[in-house]
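# Chain and residue survey
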Amino acid sequence: MTDAPRRRRQSPAVYRRRRLAAALLALLVIGLVVWLVAAPPWRSAPAADPSPVTSSSAPAPSAAESAPTPTPTATPTPTAPAGPVECSPADITVEAVADKGEYGQGENPQLSIRLTNTSANPCTMNVGTSAQSFTVTSGSDVWWRSTDCQTEPSDMEVTLAAGQQVTSAAPLTWDRTRSSVSSCDGERPFAPGGGATYHLSVSIGGIPSAGTVSFILQ
């Protein structure tokens, strides 16, 4: 009977190659495990820092912020006049007044001014003797002016209501003589009588009378 065949014995070089291959495989497995643990593929990227980026210069304002705020403009409120305004020539009607239409010998005419506020509003004016003027004429001949020899003229400011009419409180007397600035203190010629007609015109505050008043001297 023959013996069973014996197993061939491996040479030492073969064993060394096998051990080296096993060692390399083990190193590969260990390295793969370490890499998977250290850098897993599902890890998200680091979150961005939420802190705002600062700058050395302030941010530019928006158009709405840089536009100037308009200052509200107050609407002027109409104010009423503090009082009556000065009378104008359009507001006043001026008339010459004589106390008679005919004067006998030795009678001196008493002359006055009448004025009316024809406007719808009150107004003020100076009605003193400094603002008054009386003139007596015969035809084109000027016989007498109250301003030729006037002494101590005075002012008197009055308020005339709408539609109010006033007349001189104290009439001015004409002495029936011819006046001139050079004969105020001397004798002056008398105006002829005997039925001669004379005309009186007046003005006040520079506003002349609309016409004249006539009278006769005997």
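Note that the structure is predicted; figures quoted are calculated from it, not measured.

### Digging into the overall build of the chain
On a plain count of helices and strands, the chain comes out with two helices and 13 strands. Looking at the chain as a whole, 23% of its 218 residues are labelled buried. Taking all contacts inside the chain whose residues are at least 6 apart in sequence as the whole, residues at least 24 apart take part in 69%. Surface summary for the chain: the accessible area is close to 15900 Å², and the carbon and sulfur share equals 58%.

### Observations regarding the packing of aromatic side chains
To describe a pair of aromatic rings, you give the distance between the ring centres and the angle between the ring planes. Under the definition given, this model contains five aromatic pairs. When the centroid spacing of 5.6 Å and the interplanar angle of 65° are considered together, the rings of W174 and Y198 count as edge-to-face. Taken together, the residues W174 in the loop between β10 (172-173) and β11 (196-204) and Y198 in strand β11 connect sequence positions 24 residues apart. Y198 carries the same exposure label as W174, and that label is buried. Residues Y198 and F215 carry aromatic rings whose centres are separated by 6.3 Å and whose planes lie at 20° to one another, so their mutual orientation is stacked. In this pair, Y198 is assigned in strand β11 and F215 in strand β13 (residues 213-217), connecting sequence segments 17 residues apart.

### What to know about the pairing of strand β7 (residues 141-145)
With four bridges connecting them, strand β6 (residues 132-138) and β7 associate as antiparallel partners. Among the inter-strand pairings, V136 is bridged to a residue of β7, identified as W144. Taking the residues between adjacent antiparallel strands as the criterion, β6 and β7 are bridged by two residues, where G139 takes a positive phi near 70°.

### So, the state of the cysteines
In total, this model carries two disulfides according to the counting rule given. Between the sulfur of C149 and that of C184 lies a disulfide, 1.8 Å long from S to S. Disulfide C149 to C184: torsion about the S-S bond roughly -85°, handedness left-handed. Separated by 35 residues along the polypeptide, C149 in the loop between β7 and β8 (157-160) and C184 in the loop between β10 and β11 bring together distant segments of the chain. The class of C149 is partly exposed, set by a relative accessible area of 25%. On the basis of relative accessibility, which here comes to 30%, the residue C184 falls in the partly exposed class. With its bonded cysteines labelled in order along the sequence, the chain shows the pairing 1-2, 3-4.

### Considerations on the sheet that holds β8
Pairing is mixed in the open sheet, where three strands are placed in the order β1-β5-β8. Two strands in the sheet have a free side with no partner beyond their single neighbour: β1 (85-86) and β8. As paired strands, β1 and strand β5 (residues 123-126) are joined by two bridges and run parallel to one another. Across the sheet, E86 pairs through a bridge with T124, a residue of β5.

### Notes on unusual backbone geometry
Backbone geometry places E152, a non-glycine residue, at a positive phi of 50°. In this fold, E152 is placed in the loop between β7 and β8. For E152, a relative accessible area of 73% translates into the label exposed. Not every positive phi belongs to a glycine, and R176 is a case in point at roughly 70°. Relative to the helices and strands, R176 resides in the loop between β10 and β11.

### Considerations on the nonpolar core
Membership of the largest hydrophobic core comes to 27 residues, with the highest contact counts inside it found for I92, L111, M125, W174 and F215. Those elements that place two or more of their residues in this core are β2 (92-98), β4 (110-117), β5, β6, β7, β11 and β13. Other than its neighbours up to four places away in sequence, F215 contacts A98, K100, G101, Y103, P109, L111, V136, W174, A196, T197, Y198 and L200.

### A few points about the layout of surface pockets
Its boundaries defined by the atoms lining it, the largest pocket holds a volume of some 620 Å³. For the largest pocket, the lining is made up of 28 residues, of which T129, Q132, F134, S168 and A170 are closest to its centre. Mapped onto the lining of the largest pocket, the elements with two or more residues apiece are β4, β6, β7, β8, β9 (165-167) and β10. Here the residues of the lining of the largest pocket sort into 15 nonpolar, 10 polar and three charged.

Criteria and cut-off values
- Residues numbered from 1 in each chain as written.
- Predicted model: local features only at pLDDT ≥ 70, side-chain atom pairs only at ≥ 80, totals over all residues.
- Heavy atoms only, no water.
- Helix = DSSP H or I, 4+ residues; strand = E, 2+ residues; numbered from the N terminus.
- Buried < 20%, exposed > 50% of the residue type's maximum accessible area, 1.4 Å probe, protein only.
- Contact = heavy atoms within 4.5 Å.
- Areas by Shrake-Rupley, 256 points an atom, 1.4 Å probe, with all protein chains shown as cover.
- Phe/Tyr/Trp six-rings, centres within 6.5 Å; stacked < 30°, edge-to-face > 60°.
- Pairing = 2+ DSSP bridges.
- Disulfide = S-S within 2.5 Å.
- Core = buried A, V, L, I, M, F, W, Y, C linked by side-chain atoms within 4.5 Å.
- 1 Å grid on protein atoms, 1.4 Å probe; cavity = no way out; pocket = protein on both sides within 12 Å on 5 of 7 lines; lining within 4 Å.
- Points joined across faces, edges and corners; volume = space filled by probe spheres on them.
- Nonpolar A, V, L, I, M, F, W, Y, C, P; charged D, E, K, R; others polar.

From the geometry alone we can't say anything about function, so treat these as descriptive.
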